[in-house]
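# Remarks on the overall topology
Listed below, chain by chain, are the residues.
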Amino acid sequence: MRRLASLQRLLIYGLSGPIIALNVWLLSVLFRYFQHPITILSVAAILAFLLNYPVKFFERARITRTQAVIIVLLITLTLLLILGITLVPMVIDQTIQLLNKIPDWLSISQANLERFEVFAKQRRLPVDLKVVSNQINANIQNLVQQIASGAVGFAGTLLSGLLNVVLVVVLAFYMLLYGDRVWSGLVNLLPSHIGVPLTVSLQLNFQNFFLSQLLLGLFMIVTLTPIFLSLKVPFALLFAILIGLSELIPFIGATLGIGLVTILVLLQNWWLAVPVAIAAILMQQIKDNLLAPKLFGDFIGLNPIWIFVAILMGFEIAGFLGTLVAVPIAGTIKGTFDAIKNGQTGDFVSVVTVAQDPPSDYDSN
């Protein structure tokens, strides 16, 4: 019996790896095939999760859910319209200017490298930057070709983006109204000891995670924009927004955004890149050490290594969208299994929690 039990365990452990790999491959294939509708549905679901906070606020004022959803939707559309009239054109204009400037910046960097190489040869230093210089030349040619080809399809991309925004808002509206019924129908297919903790864990993880990430990203944008303007950084608003949006990718996003902005500034002005990097890193440390602990709870029971594994697998399956939802999905799975293992079906601690909000605020509608 012991040998049989050990053989069964070995068989389970031996097959688990190939089965997981096969499932990951199948998910990546399905996502590539249905990429557009899955992306629209996922973004609409995230927006619905976030808008559920103000909807609940209006419901506490004895307003029906339908009226609360309509009010929140109108406020959201008003804010989007204001951003579309004021901020979006500025960002688009700066993005186009940046794309046009990058080849010139690369040429300046190449000239700086050549001067540095001459300086090194005069002092008999063993420095050979021909490989780097040739790579910069190749990048200049590729960028010029990409900019020329991308400008042709920019109008079509912009129109498609506007249509996608309309689809996301409409779907989020219906998800706020009828999403609980659809979800209840799906959860009822599962046993109650799985469906209930899955629902609670999903709400806790997605609502708290994305709300916290958005607030942290907004902090980076608001603080870095005046700093970059005071330093006379070119495209200050665009660079601050780039770092803030990269905050949506957990743990590594802000570092990647700061690194990219520093490299772009470095191409134009080596000395300006130093204060830019210092200011961005300083704001990142304030965010990570002062704000993030108050917005995020601990990732209880989820090892940081598994978090990075989840991010990598999410990127492999669904690209950028996968990196955004990888951590809350991992938190949902971990929180659900912990609740089932501990025999709890309702009140339990999720992997991603917000410290100042009690779990009772996230009951199902």
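Rules used throughout
- Residues numbered from 1 in each chain as written.
- Predicted model: local features only at pLDDT ≥ 70, side-chain atom pairs only at ≥ 80, totals over all residues.
- Heavy atoms only, no water.
- Core = buried A, V, L, I, M, F, W, Y, C linked by side-chain atoms within 4.5 Å.
- Buried < 20%, exposed > 50% of the residue type's maximum accessible area, 1.4 Å probe, protein only.
- Helix = DSSP H or I, 4+ residues; strand = E, 2+ residues; numbered from the N terminus.
- Contact = heavy atoms within 4.5 Å.
- UniProt positions renumbered as here; feature names shortened; annotations may be inferred.
- Expected span 1.5 Å × (residues − 1).
- Bend = angle between axes of the 7 residues up to and from the residue.
- pLDDT = per-residue confidence, 0-100.

Counting residues in hydrophobic clusters, the biggest one holds 27 residues, and the most contacted among them are Leu 98, Leu 224, Phe 228, Phe 239, Ile 243 and Val 265. Sort the elements by how many residues they give to this core and helix H7 (residues 236-246) lands first, with seven residues. Once residues within four sequence positions are removed from consideration, Leu 98 is found in contact with Trp 105, Phe 235, Leu 238, Phe 239 and Leu 264.

A few words on the UniProt feature "transmembrane region" (unreviewed entry) in the chain. UniProt annotation of "transmembrane region" (unreviewed entry) refers to residues 12-31, 37-55, 67-92, 151-177, 209-229, 235-263, 270-286 and 306-331 when read in the numbering used here. End-to-end, the C-alpha atoms of residues 235-263 are 14 Å apart, and along that stretch the chain is 76% helix and 0% strand.

This part covers helix H6 (residues 192-230). The first and last C-alpha atoms of H6 sit 57 Å apart over 39 residues, in line with the 57 Å expected at 1.5 Å per residue. Taking the largest bend as the criterion, H6 deviates by roughly 30 degrees, centred on Leu 224, and proline Pro 226 comes between one and four positions later. A positive backbone phi angle near 60 degrees is found at Lys 232, which sits one or two residues after H6.

Although it is not a glycine, Arg 62 adopts a positive phi angle of roughly 65 degrees. Relative to the helices and strands, Arg 62 is located in the loop between helix H2 (35-60) and helix H3 (65-122). Phi at Lys 232 is positive, roughly 60 degrees, even though this residue is not glycine. When you line up the elements, Lys 232 lands in the loop between H6 and H7. Using a relative accessible area of 72% as the deciding quantity, one classes Lys 232 as exposed.

Now for helix H10 (residues 304-341). In a regular helix each residue adds 1.5 Å, so 38 residues correspond to 56 Å; H10 covers only 21 Å between its end C-alpha atoms and thus falls short of that length. Taken as a whole, H10 carries its principal kink of about 145 degrees at Ala 318.

By secondary structure assignment, the location of Thr 262 is in helix H8 (residues 253-268). On the basis of relative accessibility, which here comes to 18%, the residue Thr 262 falls in the buried class. Excluding residues within four positions of it along the chain, Thr 262 makes contact with Ala 273 and Ala 277.

On average, residues of the chain score 75 in pLDDT, and 74% of them are at 70 or above. By mean pLDDT, helix H4 (residues 130-152) is the weakest element of the chain at 55, and H7 is the strongest at 89. Below pLDDT 50 for its whole length, residues 151-155 participates in two contacts with residues either more than four positions away or in separate chains. Residue range residues 345-365 is modelled with pLDDT below 50. Its contacts to residues more than four positions away, or to other chains, number 64 contacts.

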